[in-house]
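# Tertiary structure, described
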Amino acid sequence: MNRPTYGDAYDSGRHEAETPAARRHGLDPGTLGPNEEMVLRFLYYSLPEPPVSAVASPSWASDEGGGGVGVDRISVLPDDLLLNIISRLPARDGAHTTALSSRWRRLWRSAPIVLIDTHLLQGGAAAEGRRPPRDGSVSRAVTSAVSAALEAHQGPFPFVSLTCSFLQQADHDVIGRWVHLLATKGVDELVLVNRPWLVHWLFLPVELFVSCSSLRRLCLGTWLFPDTRHLPRGATTFLKLRDLVLGCSIIFVDFFDFVLAASPELEILTHVGSATASARLASRSLRCAQFCISAVDDVRKINLLRCVLVRIRIGHAPQLRVLGYLEPGVQTLRIGNTTIEVGTKPSPATTVPSVQVLALAVPFHIAIRVNITPSFLRCFPNVETLHVESKRFLETTGDINDNPNFWNETGRIECIQSHLRTMIFHGFGGEDCEFAFLMFIAENARVLETMVILFEDGLREAVGATALCSAKWTSGESKARFVASRLSGIGIAWSLKAAADFSFDDPFLCL
């Protein structure tokens, strides 16, 4: 592989984790509002960790045992071990082995290569994975190096992450060539994020969706998606695909129908802040669907769904076990053909009995939000674990919830009275409206075993503890436990990766 000639070395002096997401995405953070910044953070956090690191430079010789200075002990190893060594190196370091001998050149061309474009940067930027903050000679040099690597190496490519480029319409042939080479030479995991968001919109090549049959994981961000209505139907293009992440893109509504039909093994779908009318989810293999700041029109036959700021309709979903975060009064919740409203009566047509873990975000001081919350709870009669985040706003619009007896007057809620075992209240602020809800749980949850109340650092919980101790706990003695939150400010830890980790029974747990 020919090494590109780099311009001025990029060295921002800051680790990527400390850099605002907008800056890492090639944008001035001052040009984006809090919602755009949040979307970018979700996108970057959802990207997989690379399997190799560029932190340490390799050493090809060993002088252990004394008197062995300069002795090449690695080259005497058999080919299969050397191939394994090369495959564990950053692509640029692997390419440097070709200078050792013709044998190393032959081995490098056939070794599986991990290609991460941040590793093609110079110095500390490569070691820390920092991206160029703007378009320029550095990003163009990396783009050229990626093209050279894909052309020179015969594959396979177990892991490819391309997030440094600033591709525009004039670079359509570049991305097309990359996708063609990755499809023909075999790519297992692919991260493809263009920069910057909202500026350089570029269509993804159609070939990505019809030829990359080797993919197991695919992460796409900041693209215009092709109109899949014109692609052949019925073909299982993504035979091995199990994990799909889509972010900050413009996606045609029929894309989800296409990709679910083309991915018979897909288990995890993450959709972050992309512009699309809605998404219909019907898949026998899908186990986890996370839609953040997006829309879900129809949910069927999946085991786990996690949503934020969306419209959601749940159809026939007998395996849907975990659901959240729902925001009563913000989201429109439909079950079957019924839109859930204040006063909606529970019936087989308006309930989802399979859900056992439910998460809600409720501003208890806003009447219109609180009034519909009991109707949401009645839709899930068998919930055993309930997470509630108390949301507060500096400026409140609409009627204030000042009815201290609201929860006592709300009537029977099946899941609370008969099934709730664990209640976790996030972001407790000591307000009367929060106490009223907690007292309602304490005095109505017959089988409750644990109530955990997470409060902000500095908040005195003694008043709350005293008030709840005076409650007539229908499950026996007090189950309340106050815990100082590790989080700064109000809210919960939002973890896309935890939700997709099937070893966690409760992806909303952040104690």
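Our structure is the block above this text.
Predicted model, so just to flag it, every value in this text is computed and none were measured. The residue numbering used here restarts from 1 in each chain and proceeds along that chain's sequence as written. Only residues with pLDDT of 70 or above have their local features reported here, since the model is predicted, and side-chain atom pairs are shown and tallied only from 80 upward, although totals for entire chains, interfaces and linings are computed over all residues. Each side-chain value is worked out from all heavy atoms of the structure, with water and hydrogens disregarded.

Considering the arrangement of structural elements, one finds Thr 97 in the loop between α4 (91-96) and α5 (102-110). Spatially, the C-alpha atom of Thr 97 lies 9.1 Å from that of Leu 107, the residues being 10 residues apart in sequence. A run of H or I in DSSP counts as a helix once it spans at least four residues, and a run of E counts as a strand once it spans at least two, with each numbered from the N terminus.

Axis definition: a line fit to C-alpha positions, over the contact stretch in the case of helices; interaxial angles, taken between N-to-C directions, run 0 to 180 degrees. Running from N to C, helix α3 (residues 79-87) and α5 cross one another at 65°; their axes reach a closest spacing of 9 Å. Relative to α5, the crossing made by α3 is right-handed. Between α3 and α5, the contacting residues are Asp 79, Leu 82, Leu 83 and Ile 86 on the first element and Arg 103, Trp 104, Arg 106, Leu 107, Trp 108 and Ser 110 on the second. A breakdown of the residues in the contact of α3 with α5 according to their chemical character gives six nonpolar, one polar and three charged. The sense of a crossing depends on the near helix, which, turned anticlockwise from the far helix by less than a right angle, makes the crossing left-handed and, turned clockwise, makes it right-handed. The criterion used for residue contact is that any of the two residues' heavy atoms lie within 4.5 Å. Basically, the charged four are Asp, Glu, Lys and Arg, the nonpolar ten are Ala, Val, Leu, Ile, Met, Phe, Trp, Tyr, Cys and Pro, and anything else, Gly included, counts as polar.

The next point concerns the side chain of Lys 185. Looking at the secondary structure, you find Lys 185 in helix α8 (residues 172-185). The buried charged residue Lys 185 lacks any salt bridge, with Glu 151 as its nearest oppositely charged partner at 5.4 Å. Whenever two N or O atoms come within 3.5 Å, that pair is a polar contact, provided that in protein one can donate a hydrogen and the other can accept it, and provided that, for residues adjacent in sequence, both atoms are side-chain atoms. Reaching out from Lys 185, the side chain makes a polar contact with the backbone oxygen of His 153 at a distance of 2.7 Å. Each residue touching Lys 185, except ones within four places of it in the same chain, is listed here: Leu 150, Glu 151, His 153, Gln 154, Gly 155, Pro 156 and Phe 157. A simple rule labels every residue: compare its accessible area, found with a 1.4 Å probe on the protein chains alone, to the largest value its type can have, and call it buried under 20%, exposed over 50%, or partly exposed in between. Lys and Arg are tallied as positive, Asp and Glu as negative. Neither His nor the chain termini are counted. One side-chain nitrogen of Lys or Arg within 4 Å of one carboxyl oxygen of Asp or Glu is enough to make a salt bridge.

What you tend to see is this: most non-glycine residues have negative phi, and most peptide bonds are trans. With an omega dihedral of 5°, the bond running from Gly 155 to Pro 156 counts as a cis peptide bond. Within the secondary structure, Pro 156 sits in the loop between α7 (137-152) and β2 (157-162). The omega torsion across Arg 195 and Pro 196 is -15°, close enough to zero to call that bond cis. Its place among the elements puts Pro 196 in the loop between β3 (187-193) and α9 (208-211).

Here the focus is α8. Along its 14 residues, α8 runs 20 Å from first to last C-alpha, staying within 8% of the 20 Å computed at 1.5 Å per residue. Restricting attention to buried positions, one finds in α8 the residues Ile 175, Gly 176, Trp 178, Val 179, Leu 181, Leu 182, Ala 183 and Lys 185. Packing partners of the buried residues in α8 comprise α7, β2, β3 and α9. One or two positions beyond α8, positive phi appears at Gly 186, with a value near 85°. Here the expected length of a helix is defined as 1.5 Å per residue gap, with one fewer gap than residues.

Aromatic contacts are taken between Phe, Tyr and Trp rings whose centres are within 6.5 Å, Trp giving its six-membered ring; a plane angle under 30 degrees counts as stacked, one over 60 as edge-to-face, and the others as tilted. Here the structure, examined in full by the defined rule, presents 14 aromatic pairs. Aromatic side chains Phe 209 and Phe 225 sit 5.9 Å apart centroid to centroid with 40° between the ring planes, which places their arrangement in the tilted category. Taken together, the residues span a long stretch of sequence, with Phe 209 in helix α9 and Phe 225 in the loop between β4 (217-221) and β5 (243-247) at a distance of 16 residues. Residue classification places Phe 209 among the buried positions, given a relative accessible area of 1%. Using a relative accessible area of 1% as the deciding quantity, one classes Phe 225 as buried. Between Tyr 325 and Phe 508, the aromatic rings sit 5.3 Å apart at their centres with planes inclined by 85°, giving edge-to-face as the arrangement. Taken together, the positions of Tyr 325 in strand β12 (residues 322-326) and Phe 508 in the segment after α15 (496-499) put the pair 183 residues apart, joining distant regions of the chain. Phe 508 shares its class with Tyr 325; the two are buried.

With respect to burial, strand β17 (residues 422-428) is a largely interior element, six of its seven residues being buried. Here a strand pair is declared whenever DSSP counts at least two bridges between the two strands. With five bridges joining them, strand β16 (residues 385-390) and β17 adopt parallel strand pairing. Following the sheet pairing, His 387 is matched in β17 by Ile 424. In this structure, β17 lies alongside strand β18 (residues 450-455), joined through five bridges in parallel fashion. Of the residues in β18, the one forming a bridge with Phe 425 is Ile 453.

In short, the description is geometric, and any link to function would need to be established separately.
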